[in-house]
Amino acid sequence: MSAIASPVPPAHPVTDVPPVVEEVLEDAERAALIARIKQLLKAQDAVLVAHYYTSGDLQRLAEETGGCVSDSLEMARFGHAAKASTLVVAGVRFMGETAKILNPEKRVLMPDLGAECSLDLSCPAEEFIPFCDAHPDRTVVVYANTSAAVKARADWVVTSSIAVRVVQHLKERGEKILWAPDRYLGDYVQRVTGADMLLWQGACVVHEKFKAEGIRELKRQHPEAAILVHPESPPEVIAMADVVGSTTQLIRAVETLPNPSFIVATDIGIFHKMHAVAPHKLLIEAPSGGKGATCVSCAHCPWMAMNGLRKLAHVLETGENEIHVPEDICRRAARPINRMLEFAGQQSIPVLGRSGE
Ligand code: 13P
Ligand code: SF4
């Protein structure tokens, strides 16, 4: 008899969500920090890899210094290909860990080790592993937004851009899935593929707050706008989307679709790159809980916001905030990540694009 009675696991409650605190800089300090960081990157043989949800300053700096701006796995793949011996990951902790797993010989630093992710926090390994053990008949598929220890227990790691293809493939092989941690992405994948999926009940504190009614109202005001939705959003929001996709896929939609305007349901950090690829298009924030309303983090991830130029300069100067992953976990977590990368390669699927591609 398993210790877990319910077929649907509760997620670990995530209560300690910090407020969104953006770095505020005067122009002179910004310019001085950027110049200093450029010197330090060279001196430390380091390269900056940043996620699309980080500040425009960090994204610009990554591109100007030969780093990259992308989503998490491409950040790691980029780091692997890069000659630099140090990777500085501006993003959240699981991104730094993934970079380390795929590049164990490199030093991986992060501006703030407190930059968590509510999906990762909702799925601690000590709760997840017994749940997997209680369902040995299921293939364990986890989203990239998980700890190294959770990945080490998985058969597959997926990103939002490839989740449907991987699960479709597993379903065709007759496999039943245990999915973690995002219940909305899991529900979306389940509806598209029809696979038998048991879903961990985690959620992203940013995306779960997008409101279908508010988006409907915006669409009435902007009937020409395409609605772009990240699949970590609730099903009624996904149902309204013209495009459901990863950050890279949503950026590509803005670049390539003929619409003059877009209603965007994902973290507002993405607007930096969207404006860059389509400067003449109108980008409209999808409403979430609203300022002062029920959401703790209205359309901006409080943990992504912990990254900034001051902290970046500090870690390059001191070598603090290095990511360490125990060797055994690193080795086991690399297997399901590499399985996904090989699958993507065989099917000629660009797992994740990155800026400049
Ligand atoms: P992407 O892989 O689409 O960039 O998503 C990462 C993420 O954390 C979204 O909230
Ligand atoms: Fe995690 Fe959501 Fe932040 Fe992405 S936006 S890192 S899923 S909390």
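Residues numbered from 1 in each chain as written. Chains lettered and ligands numbered in written order. Predicted model: local features only at pLDDT ≥ 70, side-chain atom pairs only at ≥ 80, totals over all residues.

**Student:** Would you mind going over the overall build of the chain with me for this structure?
**Tutor:** For the chain, the helix and strand inventory stands at 15 helices and 12 strands. Since a compact globule built from 357 residues should have a radius of gyration of about 21 Å, the 20 Å found for the chain is in line with a globular shape. Seen through its C-alpha atoms, the chain measures out along the principal axes to roughly 60 × 55 × 40 Å. Residue burial in the chain is summarised as follows: out of 357 residues, 50% are buried. Restricting the contact set of the chain to residue pairs at least 6 apart, pairs at least 24 apart contribute 67%. (Helix = DSSP H or I, 4+ residues; strand = E, 2+ residues; numbered from the N terminus. Rg over C-alpha atoms; globule rule 2.2 N^0.38 Å. Buried ≥ 20, exposed ≤ 12 C-beta atoms within 10 Å, placed from the backbone. Contact = placed C-beta atoms within 7 Å.)

**Student:** How should I be thinking about the confidence of the model for the chain in this particular structure?
**Tutor:** Keep in mind that low pLDDT regions are not for reading the predicted coordinates in detail. Confidence in the prediction of the chain, expressed as mean pLDDT, is 91, and 92% of residues score 70 or more. Here residues 1-6 scores under 50 on pLDDT; set against residues more than four positions off or in separate chains, the count is seven contacts. Within the model, pLDDT remains below 50 along residues 351-357, and this stretch shows 27 contacts once partners closer than five positions in the same chain are excluded. (pLDDT = per-residue confidence, 0-100.)

**Student:** Just to check I follow, could you spell out the environment of leucine 228 for this structure?
**Tutor:** For leucine 228, the position within the fold is in strand E9 (residues 226-229). Accessibility expressed as a C-beta count within 10 Å gives 26 for leucine 228, which makes it buried. Distance in space between the C-alpha atoms of leucine 228 and isoleucine 329 is 36 Å, their sequence separation being 101 residues. Leucine 228 has contacts with Ala241, Asp242, Val243, Leu250, Ala253, Phe262, Val264 and Ala265, leaving out every residue within four places of it along the chain.

**Student:** What should I look at first to understand the site of ligand 2 in this one?
**Tutor:** Near ligand 2 you find 13 residues, and of these Cys117, Ser118, Cys204, Val206 and Cys301 are the closest. Here the residues of the shell around ligand 2 are counted per class, giving nine nonpolar, two polar and two charged. (Near = placed C-beta within 6 Å. Nonpolar A, V, L, I, M, F, W, Y, C, P; charged D, E, K, R; others polar.)

**Student:** Explain the sheet that holds strand E10 (residues 243-244) here, please?
**Tutor:** Strand pairs in the sheet, formed through backbone hydrogen bonds, run parallel or antiparallel to each other. Strand order in the open sheet formed by four strands is E10-E9-E11-E12, with parallel pairing between adjacent strands. Strand pairing shows two members of the sheet lacking a second neighbour, E10 and strand E12 (282-285), which therefore form its edges. Bridging between E9 and strand E11 (residues 261-265) involves four bridges; their strand directions are parallel. Considered in E11, the bridge of alanine 226 is made with phenylalanine 262. Here helix H10 (residues 212-221) sits on the sheet in contact with E9, E11 and E12, set at roughly 175° to E11. (Pairing = 2+ DSSP bridges. Axes fitted to C-alpha atoms, helices over the stretch in contact; angles between N-to-C directions.)

**Student:** What am I meant to see in the sheet that holds strand E7 (residues 176-180) here?
**Tutor:** Read across the open sheet, the four strands follow the order E6-E5-E7-E8; overall the sheet is parallel. Here the strands that pair on one side only, and so sit at the sheet edges, are strand E6 (156-158) and strand E8 (197-199). Across the sheet, the axes of successive neighbouring strands diverge by a mean angle of 30°, strand direction being ignored. Both E7 and E8 contribute to a ladder of three bridges, which runs parallel. Looking at the pairing, tryptophan 179 lines up with leucine 199 of E8. Set on the sheet, helix H9 (residues 183-193) makes contact with strand E5 (138-143), E7 and E8; between it and E8 the angle comes to about 165°.

**Student:** Would you explain the nonpolar core in this entry?
**Tutor:** As a rule of thumb, nonpolar side chains are buried together in soluble globular proteins. Core analysis: the biggest nonpolar cluster contains 111 residues, and Val49, Val88, Val89, Val141 and Leu228 have the highest contact counts within it. Setting aside residues up to four positions removed in sequence, valine 89 forms contacts with Val49, Met75, Met95, Gly96, Ala99, Val108 and Met110. (Core = buried A, V, L, I, M, F, W, Y, C linked by C-beta atoms within 7 Å.)

**Student:** Where do I start with the site of ligand 1 in this structure?
**Tutor:** Of all residues adjacent to ligand 1, which total 10 residues, the nearest are Asp71, Thr159, Ser160, Ser246 and Thr247. Here the residues of the shell around ligand 1 are counted per class, giving one nonpolar, seven polar and two charged.

**Student:** Got a minute to help me understand the pairing of E9 in this structure?
**Tutor:** Regular strands place side chains that alternate from one sheet face to the opposite one. Burial along E9 is two-sided: Ala226 and Leu228 and Ile227 and Val229, pointing in opposite directions, are all buried. Direction of pairing for E9 relative to E10: parallel, over a ladder of two bridges. When the sheet's bridge partners are listed, leucine 228 is paired in E10 with valine 243.

**Student:** For this particular structure, what's the right way to read helix H8 (residues 163-172)?
**Tutor:** An α-helical turn contains 3.6 residues, so a residue and the one three or four places further along point in the same direction. Regarding H8, the residues found buried are Ala163, Val164, Val166, Val167 and Leu170. Buried residues of H8 fall within an arc of 165° about the axis and therefore sit on the same side. Looking at the packing, one finds that the buried side of H8 touches E5, E6, E7, H9 and helix H15 (327-346). Glycine 174 occupies a position one or two residues after H8 and carries a positive phi of about 80°. (Arc of directions from axis to C-beta.)

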